[in-house]
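Letter by letter, the chains look like this.
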Amino acid sequence: MTPRNVCVLGLGYVGLPLACAAAGAGHRVVGYDPDRGRVAGLRQGRSPVEDVEDRLLEKALASGRLSFTDDPAEVTGSDTFVICVPTPLEEKTPDLSMVDAAVDVVAGALRPGGMVILESTTYPGTTEERVAPRLAAATGLRAPDDYHLVFSPERIDPGNPVYSLENTPRVVGGLGPAAGDAASAFYSSFIDHVHRVSGPREAEMAKLLENTYRHVNIALVNEMAIFCDELGIDLWESIGAASTKPFGFAPFTPGPGVGGHCIPVDPSYLSWRVRRLGYPFRFVELAGEINDRMPVYVASRIADLLNGVQKSVSGSRILVLGVAYKKDLGDMRESPAPVLMRRLASHGALVRWHDPHVRADQVPDSGGVAVDGELTAEELAAADLVVVHTDHAAYDPAMIVRHSRRLFDTRNLTAGHHAEHVFRL
Ligand SMILES: NC(=O)c1ccc[n+]([C@@H]2O[C@H](COP(=O)([O-])OP(=O)(O)OC[C@H]3O[C@@H](n4cnc5c(N)ncnc54)[C@H](O)[C@@H]3O)[C@@H](O)[C@H]2O)c1
């Protein structure tokens with residue numbers, strides 16, 4: 001392996017693990033992020049990302065091959081630039097302003113023979129139609145003749161104990177064979193398997209296919225959960241039964257809504273692009289409609305459950321367990337919990353919430369009161385209704401069932417605990 005001088009732009013869930021892995025493989029890496037506080041913490045070995053332990057970061061720093069900066073001038077000297085910045089939506093339209101800003105930093109340092117890789121999730125065509133012309137305008141350099149231009153989607157699954165950056169196959173789409181060769185050699189130095197596709201568009205599309213597939217299938221089971229309740233069917237049991245089929249079925253589970261940076265956002269990048277062809281991408285739009293309605297549906301089920309014991313939402317004490325969008329993480333991005341809690345509070349509920357992974361200041365607009373420390377039997381028993389929103393492993397289902405007066409479980413955390421006061425989505 002030829003060690004490269006790598007610059008990773010964006011040091012979050014995607015960029016930081018990549019910077020550490022590349023440094024571990026022997027590359028010299030500078031991580032650039034305009035967030036000064038983040039860079040200061042990283043320099044002291046403090047990782048803001050759960051999947052990168054401080055220990056790992058300290059080891060990478062101690063190797064002398066990893067450094068961090070918030071100064072664009074310090075990325076000169078790099079020959080490989082990997083862009084891992086956020087790609088949010090603004091009014092349902094792709095917001096590529098951070099990609100543009102990162103490309104501008106790259107433009108200040110790119111030299112002939114260098115390599116630019118975009119990892120941020122985006123609509124097909126971005127690498128060739130947006131990144132390449134912007135670099136050409138600023139530097140006069142054109143891909144594929146003057147430098148290697150590549151799209152390689154990150155597929156990291158934060159909190160996944162089995163699949164990490166290293167053992168998740170990597171898709172690489174270079175503009176021209178030489179770019180594909182160079183990027184494959186780079187990623188192969190720290191990733192077990194690289195899968196080449198013919199160009200950046202195919203790689204961009206592969207990522208959106210994966211996330212749209214999840215989005216649509218989650219919507220399918222969410223819609224089923226709504227009518228299964230009315231039909232008196234335990235959908236969780238049916239999903240378990242269908243999952244015994246060894247071929248042709250992949251299980252998805254319902255929930256109080258979708259969250260995170262990817263599932264609620266990425267499919268809209270694709271539907272936005274399709275709409276520019278003059279027609280809608282109906283699967284994505286329908287799935288978005290269903291998934292976005294789930295917090296409202298959960299609130300209506302809560303109202304029904306309180307009605308069942310002659311109580312109203314107004315004046316009831318409701319305890320929400322877990323507010324992060326995903327199990328065992330403290331990530332609040334696009335979490336449906338604040339939407340649910342604000343809705344309950346707007347109907348007069350006294351909302352309290354508990355999450356072992358989330359600090360109160362991460363949910364400034366929760367509509368409720370954060371419960372600190374361990375979840376106690378007293379806290380559970382004091383609530384008219386307990387709602388499981390996120391199924392963190394730290395929660396003991398038996399204890400929650402035992403001490404709750406009435407329980408609504410949106411994640412099947414309490415699977416196998418059947419009692420008259422326990423209800424499921
Ligand atoms: N989080 C995931 O699970 C995941 C998985 C696969 C792909 N992705 C995609 O990867 C991209 C990054 O996501 P993330 O979760 O790492 O985001 P993040 O918010 O965790 O981190 C992004 C970092 O980029 C920095 N940044 C903003 N503007 C910048 C700029 N101009 N130059 C350099 N850095 C800049 C931010 O300060 C932040 O530290 C997104 O496109 C996302 O869709 C995310």
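Residues numbered from 1 in each chain as written. Predicted model: local features only at pLDDT ≥ 70, side-chain atom pairs only at ≥ 80, totals over all residues. Heavy atoms only, no water.

Remarks on the sheet that holds strand S1 (residues 5–9)
Reading across from one edge, S3-S2-S1-S4-S7-S8-S9-S10 is the order of the eight strands in this open sheet, with mixed pairing throughout. Two strands in the sheet have a free side with no partner beyond their single neighbour: strand S3 (66–69) and strand S10 (194–197). Direction aside, the axes of adjacent strands within the sheet are offset by 25° on average. The sheet contact formed by S1 and strand S4 (residues 80–83) spans four bridges and is parallel. Looking at the pairing, cysteine 7 lines up with phenylalanine 81 of S4. With respect to the sheet, helix H1 (residues 15–24) is in contact with S1, strand S2 (28–32), S3, S4 and strand S9 (170–174), its orientation differing from that of S3 by roughly 145°. (Pairing = 2+ DSSP bridges. Helix = DSSP H or I, 4+ residues; strand = E, 2+ residues; numbered from the N terminus. Axes fitted to C-alpha atoms, helices over the stretch in contact; angles between N-to-C directions. Contact = heavy atoms within 4.5 Å.)

Details of the packing of aromatic side chains
Applying the stated rule across the entire model yields six aromatic pairs. Residues phenylalanine 186 and tyrosine 187 carry aromatic rings whose centres are separated by 5.1 Å and whose planes lie at 55° to one another, so their mutual orientation is tilted. Of the two residues, phenylalanine 186 and tyrosine 187, neither departs from the other in class, the shared state being buried. Aromatic pair phenylalanine 186 and phenylalanine 190: ring centres 5.3 Å apart, planes at 75°, arrangement edge-to-face. (Phe/Tyr/Trp six-rings, centres within 6.5 Å; stacked < 30°, edge-to-face > 60°. Buried < 20%, exposed > 50% of the residue type's maximum accessible area, 1.4 Å probe, protein only.)

Some thoughts on helix H8 (residues 235–242)
Among all positions of H8, only Leu235, Trp236 and Ile239 are buried. Seen end-on, H8 carries its buried residues on one side only, within an arc spanning 105°. In this structure, the buried residues of H8 make contact with helix H7 (200–231) and strand S16 (422–424). Taking the backbone nitrogen of tryptophan 236 as reference, a side-chain oxygen 3.0 Å away marks aspartate 234 as the first, capping residue of H8. (Arc of directions from axis to C-beta. Polar contact = N/O pair within 3.5 Å; in protein donor to acceptor, adjacent residues only side chain to side chain.)

Things to note about a nonpolar patch on the surface
Together, Leu220, Met224, Phe227, Leu231 and Ile233 make up a nonpolar patch on the protein surface, roughly 450 Å² of accessible area in all. When you line up the elements, methionine 224 lands in helix H7. (Patch = residues over 30% accessible without salt bridge, like charges linked within 9 Å, V, L, I, M, F, W, Y side chains within 5 Å. Areas by Shrake-Rupley, 256 points an atom, 1.4 Å probe, with all protein chains shown as cover. Salt bridge = Lys/Arg side-chain N within 4 Å of Asp/Glu carboxyl O.)

Brief notes about the sheet that holds strand S12 (residues 350–354)
On the basis of which strands lie adjacent, the open sheet formed by six strands has the order S13-S12-S11-S14-S15-S16 and parallel pairing. Strands with a single pairing partner mark the edges of an open sheet, and in this sheet they are strand S13 (369–370) and S16. Here strand S15 (residues 407–409) pairs with S16 via three bridges, running parallel. Looking at S16, one finds that phenylalanine 408 is bridged to phenylalanine 423. Packing against the sheet, helix H11 (residues 337–346) makes contact with strand S11 (317–321) and S12, and its axis sits at approximately 155° to S12.

Remarks on the site of the ligand
As a structural note, the neighbourhood of the ligand is formed by 27 residues, with Val14, Asp33, Thr87, Thr121 and His261 the closest of them. Backbone polar atom of glycine 10 to a nitrogen atom of the ligand: 3.3 Å apart, as the coordinates give it. Note that an oxygen atom of the ligand is positioned 3.4 Å from one of the side-chain N or O atoms of arginine 38. Protein coverage of the free-state accessible area of the ligand, which is 830 Å², stands at 91%. In terms of residues, the shell around the ligand owes the most to one element, helix H4 (residues 97–107), which gives three residues. Both domains that meet at the shell around the ligand, namely domain 1 (5–196) and domain 2 (213–424), each give it at least three residues. (Near = heavy atom within 4 Å. Domains from an automatic or database assignment.)

Purely spatial values, then, with no claim about function.
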